Amino acid sequence: MKFNDERDIFFKRRFGMFVHWGLYSIPAWHEQIIWRGRFKRSEYEKYIDQFNPTKFDPDEWIDIAKEAGMEYICFTTKHHDGFANWPSKYTKYSVTNTPWKNGKGDVVREFVNACRKYGIKIGLYYSPAQWGNEISFENEKEYDDYFINQITELLTNYGKIDYLWFDGCGSENHNYDKDRIIATIRGLQP
């Protein structure tokens with residue numbers, strides 16, 4: 001198989017890591033519970049006051065990954081519950097409203113900086129699903145605006161991002177304006 005460019009990152013760089021980590025890590029529930037409909041976002045919201053990962057050390061994660069021979073890491077910026085691991089100005093449901101670093105922390109920034117320090121390709125996972133958030137799927141344009149606004153933050157505030165990973169689980173009935181979304185992404189980071 002011939003590889004022409006960086007878009008083939010998973011084939012060219014066969015060994016990497018996928019990190020699912022966020023507010024939902026506090027109760028240590030397996031997300032399948034949510035997908036089966038047992039829990040709603042409100043079950044996670046009660047943990048926002050407990051999000052204070054004082055031992056969070058992405059340098060340690062990335063150093064271990066590099067030592068193991070990994071070439072890329074994909075990190076969860078936002079999962080289905082809607083919690084943003086960066087200070088998004090489009091939601092109150094983010095690190096800004098947690099005790100971690102007095103609301104001034106940025107998990108994504110620390111992750112990206114560590115990847116660059118160790119020469120690891122940066123992947124950002126973003127779930128467009130917004131279970132129970134202030135944005136709903138009823139107004140498709142409003143939701144796509146929200147999605148694009150948050151992706152724009154991720155693609156303009158953190159330098160070059162090597163790849164994005166979108167997970168549409170939980171938003172199957174939404175008709176995304178794919179042309180607009182792709183044009184925005186490629187316009188920000190061709």
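Parameters and conventions
Residues numbered from 1 in each chain as written. Predicted model: local features only at pLDDT ≥ 70, side-chain atom pairs only at ≥ 80, totals over all residues. Heavy atoms only, no water. Patch = residues over 30% accessible without salt bridge, like charges linked within 9 Å, V, L, I, M, F, W, Y side chains within 5 Å. Areas by Shrake-Rupley, 256 points an atom, 1.4 Å probe, with all protein chains shown as cover. Salt bridge = Lys/Arg side-chain N within 4 Å of Asp/Glu carboxyl O. Lys, Arg positive; Asp, Glu negative; His and termini not counted. Charge placed at Lys NZ, Arg CZ, Asp CG, Glu CD. Helix = DSSP H or I, 4+ residues; strand = E, 2+ residues; numbered from the N terminus. Core = buried A, V, L, I, M, F, W, Y, C linked by side-chain atoms within 4.5 Å. Buried < 20%, exposed > 50% of the residue type's maximum accessible area, 1.4 Å probe, protein only. Contact = heavy atoms within 4.5 Å. Phe/Tyr/Trp six-rings, centres within 6.5 Å; stacked < 30°, edge-to-face > 60°. Polar contact = N/O pair within 3.5 Å; in protein donor to acceptor, adjacent residues only side chain to side chain. Disulfide = S-S within 2.5 Å. Axes fitted to C-alpha atoms, helices over the stretch in contact; angles between N-to-C directions. Parallel < 35°, antiparallel > 145°, perpendicular 65-115°, else oblique. Left-handed = near helix turned anticlockwise from the far one by under 90°. Nonpolar A, V, L, I, M, F, W, Y, C, P; charged D, E, K, R; others polar. pLDDT = per-residue confidence, 0-100.

## With respect to a negative patch on the surface
Right, on to step 1. The grouping of D57, E60, D63 and E67 at the surface amounts to a negative patch.
Right, on to step 2. Mapping E67 onto the fold places it in helix α4 (residues 58-68).

## A word on the nonpolar core
Right, on to step 1. Of all hydrophobic cores here, the largest spans 42 residues; its most connected members are F51, V107, F111 and L154.
Right, on to step 2. Sorting the residues of this core by element identifies α4, β2 (72-78), α5 (107-118), β3 (121-126), α6 (140-156) and α7 (178-188) as the ones contributing at least two each.
Right, on to step 3. In terms of residue count, the dominant contributor to this core is α6 (seven residues).
Right, on to step 4. With residues up to four places along the chain from it excluded, the contact list for V107 reads W21, F51, F56, F75, N85, V95 and W100.

## Structural notes on the packing of aromatic side chains
Right, on to step 1. Under the defined criterion, the tally for this structure stands at 21 aromatic pairs.
Right, on to step 2. Between W21 and W61 the ring centres are 5.7 Å apart and the planes differ by 80°, which places this aromatic pair in the edge-to-face class. In this pair, W21 is assigned in the loop between β1 (16-19) and α2 (32-35) and W61 in helix α4, connecting sequence segments 40 residues apart.
Right, on to step 3. A relative accessible area of 24% places W61 in the partly exposed class.
Right, on to step 4. Ring centres 5.8 Å apart and planes at 75° place the aromatic pair F147 and Y176 in the edge-to-face group. Of this pair, F147 sits in helix α6 while Y176 sits in the loop between β4 (163-166) and α7, placing them 29 residues apart in sequence.

## Notes on the environment of Q189
Right, on to step 1. For Q189, the position within the fold is in the segment after α7.
Right, on to step 2. Residues Q189 and L155, spaced 34 residues apart in sequence, show a C-alpha to C-alpha distance of 6.9 Å.
Right, on to step 3. Those residues in contact with Q189 that sit more than four places away from it in its chain are L155, G159, K160 and I161.
Right, on to step 4. Here I161 takes part through its backbone nitrogen, which lies 2.9 Å from a polar atom of the side chain of Q189.

## With respect to the state of the cysteines
Right, on to step 1. Summed over the entire model, instances satisfying the criterion amount to zero disulfides.
Right, on to step 2. C115 carries a free sulfur, and the closest cysteine sulfur to it, the one in C74, is 9.9 Å from it.
Right, on to step 3. Relative accessible area serves as the criterion here: at 0%, C115 is assigned to the buried category.

## Section: the packing of α6 against α7
Right, on to step 1. Closest axis-to-axis distance for the α6/α7 pair is 10 Å, and the angle between their directions is 15°. Put simply, α6 runs roughly parallel to α7. Classified by chirality, the crossing of α7 by α6 is right-handed. Side by side, α6 and α7 meet where K141, D144, D145, F147, I148, I151, T152, L155 and T156 of the first sit next to R180, I181, T184, I185 and L188 of the second.
Right, on to step 2. When grouped by side-chain class, the residues that make up the contact of α6 with α7 number seven nonpolar, three polar and four charged.

## Brief notes about the confidence of the model for the chain
Right, on to step 1. Predicted confidence across the chain gives a mean pLDDT of 84, with 79% of residues reaching 70 or more.
Right, on to step 2. Summarising per-element confidence for the chain, the mean pLDDT is lowest in α2 (48) and highest in α5 (97).

## A word on the side chain of S88
Right, on to step 1. Position of S88 among the secondary structure elements: in the loop between β2 and α5.
Right, on to step 2. Relative accessible area serves as the criterion here: at 4%, S88 is assigned to the buried category.
Right, on to step 3. Within the structure, S88 has its side chain in polar contact with the backbone nitrogen of Y90 (distance 3.1 Å).

## A word on unusual backbone geometry
Right, on to step 1. Here the phi dihedral of K101 falls at roughly 50°; this positive angle occurs in a residue that is not glycine.
Right, on to step 2. Along the chain, K101 falls in the loop between β2 and α5.
Right, on to step 3. When its relative accessible area of 43% is taken as the criterion, K101 is described as partly exposed.
Right, on to step 4. Here the phi dihedral of N102 falls at roughly 55°; this positive angle occurs in a residue that is not glycine.
Right, on to step 5. Here N102 shows up in the loop between β2 and α5.
Right, on to step 6. We classify N102 as exposed; its relative accessible area is 70%.

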